[in-house]
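Chains, contacts and geometry: an overview
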Amino acid sequence: MEISPSTPRNVLPTKFEHFCNSIIMITLAWLWYHFNPIITFLLKLGVMLARAMVHCKKYQNKYFSYVDIFENIVDEDPEHIQFITVENGKEYKIKDLDIEANQIAHWGLTQKYIPGDTIALMMLSRPSVISVMVGMAKIGVATAMLNTNTTGNTFAHVVEVATTSSNTKIVIIDHKLKEHLKVEIETLQQQNIICIIWNELVLEFEKLPQKYLKTRPSKKFRLSVLESDPLLYIFTSGTTGLP
């Protein structure tokens, strides 16, 4: 007599299996509850790193500097209000800073500035501080910020240090400090260091060809600048000696 194999029947889980499954589910729930923030953080970090890698690959082997970042921000939102003066509530849009920076850059080219040079700047707190820094950076020139309280031999020292290796030796001085530094300015001029008063420089911009007033200078003027090259110099206070 032929015996056919019996059809397998469904076997119900035993109490032990129920217990094991419950332990597993409870463990997974506990892990998710306690480590969910970490897991979420790791996932977000992974996404950020992936985006950073894509961004870096986009600009790989391409020249990209602080100035390029600034100009990209201007292009994305030129109407963004960057500064509001306390004195009169005047608003400065970021495009206004870029326009003034372009004027400064073109003026710098007329002064025979070359990449690697440094311009000294003694200016009170005003939006034009940013314009000068960015404008000179557009042609590869660093800016040395001078303490507005500096006078006498200390002032002469910081200007000399800032301009010693520059092809062109210029210090821009805020017009409100002109009378305060009258003697120092005369001393610097005797040393063939050009002292330019800010409001007089603004008038010089009007002598530039109209096409320069808003046009950005070519990137070729800063192509030799490396990522390791300084953008800005800030002197120490000099409380224990010269800055």
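Rules behind the numbers
Residues numbered from 1 in each chain as written. Predicted model: local features only at pLDDT ≥ 70, side-chain atom pairs only at ≥ 80, totals over all residues. Heavy atoms only, no water. pLDDT = per-residue confidence, 0-100. Helix = DSSP H or I, 4+ residues; strand = E, 2+ residues; numbered from the N terminus. Pairing = 2+ DSSP bridges. Polar contact = N/O pair within 3.5 Å; in protein donor to acceptor, adjacent residues only side chain to side chain. Contact = heavy atoms within 4.5 Å. Core = buried A, V, L, I, M, F, W, Y, C linked by side-chain atoms within 4.5 Å. Buried < 20%, exposed > 50% of the residue type's maximum accessible area, 1.4 Å probe, protein only. Right-handed = clockwise from strand over helix to strand, strands pointing away. Axes fitted to C-alpha atoms, helices over the stretch in contact; angles between N-to-C directions. Salt bridge = Lys/Arg side-chain N within 4 Å of Asp/Glu carboxyl O.

With 81% of its residues at a pLDDT of 70 or more, the protein chain shows a mean pLDDT of 81. Per-element confidence in the protein chain ranges from a low mean pLDDT of 72 for helix H1 (residues 15-58) to a high of 93 for helix H4 (residues 128-137).

Looking now at the pairing of strand S6 (residues 194-197). Here four bridges tie strand S5 (residues 170-173) to S6, and the two strands are oriented parallel to one another. Opposite Ile173, over in S6, you have Ile197 as the bridge partner.

One can find Glu100 in helix H3 (residues 94-110). A polar contact is formed between the side chain of Glu100 and the side chain of Ser131, at a distance of 2.8 Å. Excluding residues within four positions of it along the chain, Glu100 makes contact with Ser128, Ser131 and Trp198.

Membership of the largest hydrophobic core comes to 20 residues, with the highest contact counts inside it found for Trp107, Ile119, Val132, Met136, Ile172 and Trp198. Among the secondary structure elements, those contributing two or more residues to this core are H3, strand S3 (118-122), H4, S5 and helix H7 (198-205). When residues no more than four places from it in sequence are discounted, the contact partners of Trp107 are Ile119, Ile170, Ile172, Ile196, Leu201, Phe205 and Leu208. Counting 17 residues, the second-largest nonpolar core is a separate cluster that includes Met122, Phe155, Leu181 and Ile197.

With that settled, consider the pairing of S3. In terms of burial, S3 is largely enclosed, as five of its five residues are buried. Side chains Thr118, Ala120 and Met122 of S3 all project onto a buried face; the interleaved residues Ile119 and Leu121 project onto the opposite face, where all are buried too. Pairing of S3 with strand S4 (residues 142-145) involves four bridges; the strand directions are parallel. Paired with Leu121 across the strands is Met145, a residue of S4. Handedness of the crossover joining S3 and S4 through H4: right-handed. By the bridge criterion, three bridges tie S3 to S5 in an arrangement that is parallel. Its bridge partner lying in S5, Met122 is registered against Ile173.

Here we come to the sheet that holds S3. Taken in spatial order, the five strands of this open sheet run S6-S5-S3-S4-S7, and their pairing is parallel. Strands with a single pairing partner mark the edges of an open sheet, and in this sheet they are S6 and strand S7 (232-234). Looking at each pair of strands side by side, their axes are set apart by 25° on average, direction ignored. When S4 meets S7, the two strands line up parallel, connected through three bridges. The residue bridging Thr143 from the neighbouring strand is Leu232, located in S7. On top of the sheet, H7 reaches S5 and S6; it is set at about 85° to S6, its chief contact.

Right, let's talk about the pattern of salt bridges for a bit. For the structure shown, the criterion picks out 12 salt bridges. For the salt bridge of Lys178 with Glu200, the shortest nitrogen-to-oxygen distance reads 3.4 Å. In this pair, Lys178 is assigned in the loop between S5 and helix H6 (182-190) and Glu200 in helix H7, connecting sequence segments 22 residues apart. Here Lys178 falls in the partly exposed class, since its relative accessible area comes to 35%. Several salt bridges converge on common partners, so that one network encompasses Asp68, Glu71, Asp75, Asp98, Lys138, Arg216, Lys219 and Arg222.

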